[in-house]
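As a plain string of letters, each chain reads:
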Amino acid sequence: MDLRDTLANLDRAAAGARMHALVARLFPICRSITGAGVRDTLAILGERLPLAIHEVPSGTSVFDWTVPPEWNVRDAWLRPVGGQKVADFRRSNLHLVSYSVPVRATLPLAELRPHLHSLPEHPDWIPYRTSYYKEDWGFCLPHRVLDALPDGDYEVEIDSTLADGHLTYGELELPGESGEEFLFSCHICHPSLANDNLASIAVASELAAALAALGERRYGYRFLFIPGTIGSITWLARNQARLARIRGGLVLANLGDAGGFTYKRSRHGGRQIDHAVDCALRDHGEPCREIPFSPWGYDERQYGSPGIDLAVGRLTRTPHGEYPQYHTSADDLDFVKPAALGGSLAALLRVVTILEGNRRYLNLSPQCEPQLGRRGLYRSLGGGAEGRERELAMLWVLNLSDGDHDLLQIAERSRVSFLRLREAADELLGAGLLRERA
Ligand code: ZN
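K.L.:
Please explain the overall build of the protein as it appears in this structure.
P.N.:
Helix and strand counts for the protein stand at 13 helices and 19 strands. Dimensions of the protein along its principal axes, counting C-alpha atoms only, are 90 × 45 × 35 Å. Residues counted as buried form 56% of the 438 residues belonging to the protein. Once local pairs closer than 6 in sequence are excluded, the contacts in the protein between residues at least 24 apart make up 80%. Taken as a whole, the protein presents about 18300 Å² of accessible surface, with 49% of it coming from carbon and sulfur. Between the centroid of the 48 positive side chains of the protein and the centroid of its 56 negative side chains there is a distance of 5 Å.

K.L.:
Any chance you could explain the sheet that holds strand 5 (residues 87-88) here in plain terms?
P.N.:
For sheets, the rule is that strands pair by backbone hydrogen bonds, running either parallel or antiparallel. Taken together, four strands build an open sheet; the order of strands is 5-4-9-6 and the sheet is antiparallel. Unpaired on one side and paired on the other, strand 5 and strand 6 (103-108) mark the two borders of the sheet. Two elements, strand 4 (residues 70-80) and strand 9 (residues 153-163), share 10 bridges in a ladder whose sense is antiparallel. When the sheet's bridge partners are listed, Glu70 is paired in strand 9 with Ala163.

K.L.:
Just checking my understanding: could you explain the nonpolar core for this structure?
P.N.:
Soluble globular proteins tend to bury their nonpolar side chains together. Counting residues in each nonpolar core, the largest one holds 81 residues, and the members touching the most others are Tyr221, Phe223 and Phe225. The biggest single contributor to this core is helix 6 (residues 194-212), with 12 residues. Each of two domains, domain 1 (3-67 + 166-357) and domain 3 (360-437), supplies a minimum of three residues to this core. What Phe223 contacts, discounting residues up to four positions off in sequence, is Gly170, Glu171, Leu172, Leu174, Phe184, Ala204, Leu207, Ala208 and Leu211. Residues Leu149, Ile158, Leu167 and Val312 belong to the second largest nonpolar core, which totals 51 residues.

Procedures and definitions
Residues numbered from 1 in each chain as written. Predicted model: local features only at pLDDT ≥ 70, side-chain atom pairs only at ≥ 80, totals over all residues. Heavy atoms only, no water. Helix = DSSP H or I, 4+ residues; strand = E, 2+ residues; numbered from the N terminus. Buried < 20%, exposed > 50% of the residue type's maximum accessible area, 1.4 Å probe, protein only. Contact = heavy atoms within 4.5 Å. Areas by Shrake-Rupley, 256 points an atom, 1.4 Å probe, with all protein chains shown as cover. Lys, Arg positive; Asp, Glu negative; His and termini not counted. Charge placed at Lys NZ, Arg CZ, Asp CG, Glu CD. Pairing = 2+ DSSP bridges. Core = buried A, V, L, I, M, F, W, Y, C linked by side-chain atoms within 4.5 Å. Domains from an automatic or database assignment.

In structure tokens form, the structure reads like this:
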């Protein structure tokens, strides 16, 4: 199965529905940077993908960081003495600050307040808060609830454990013929939040399944399902010998909302991955904005740190922090749209189709235009726009196949779609007018 066929035959609606169902299945699980929720999530992904699951012990040194203790929760709630629960982990895992230490206490409201978090500007939403690297605890509530809490004493119950255990991540390696590879990386550390980042887990899984089904691959593709920051640092520390083979990659995040795409370029910009994404999104046709690299955001800041320096960009729809639902209970299953998931998958399949299909050619008849009609290359051309487009594609490929330009560069210059150029190149090769250059 050629990837061009996969792309042409993609049923976006069906794939979107499948990905949304996966998001819905993963949604209730309480994930964090370590713990049972991460394992449960990877086990579900592993039903479809032959994932390798890695367990790295707490206390392991990874560059300047240390793998933290493992966090697990059985239950957590808060209630006025003798009253109803006002925050209940079993109703929403967002109610508990992630990595909260175990607590069982009765406290007056005044002492409790520093541990309570809300969003006054969105009084019905529960915020998402974490305290990974500072021992702390807390509850997140709708501001409407927080505001109405009566004075008096409150019972706090956080039945959690923070103990030596493991950091867990999943990895899928799909080898390719060239020995070089591209990386796709997404977070698995967020609890019940749909767009950030279950949407990208679903899109990455679907992309991985499509690439795994290919008979042959020019490049290898590696998929990482890792906790944010500490996960990429841990993977990089354990895989330094492999980095020279990585030509580039993408961090995938926030790929399920109804917004257009934002592509954040790799550290140096202008690398193969940057050109491929640029061309793929132009051909894909949804709105796209490109922004330069910055050492901020998701794991591109680790992949793009100076001592690692991988050409890893970041593809999102609306970036983190640019939509009000981000890191709140409003980032729910309704916020993620099956059509957006389907479009994200289609765009990424196009990126990989370009990486797999990009070539550099030499025009073997460069003195004036070769006579295309004599070689039967006009034969299948109709008189309409379709025929003119194909002819134009051939003329661009012939003109710029001077040894300096590859198909991606020809696409950038001509604004003809990559697939159209590739088709033209195949026809010209067949007619003996081109030869491939290394
Ligand atoms: Zn996040």
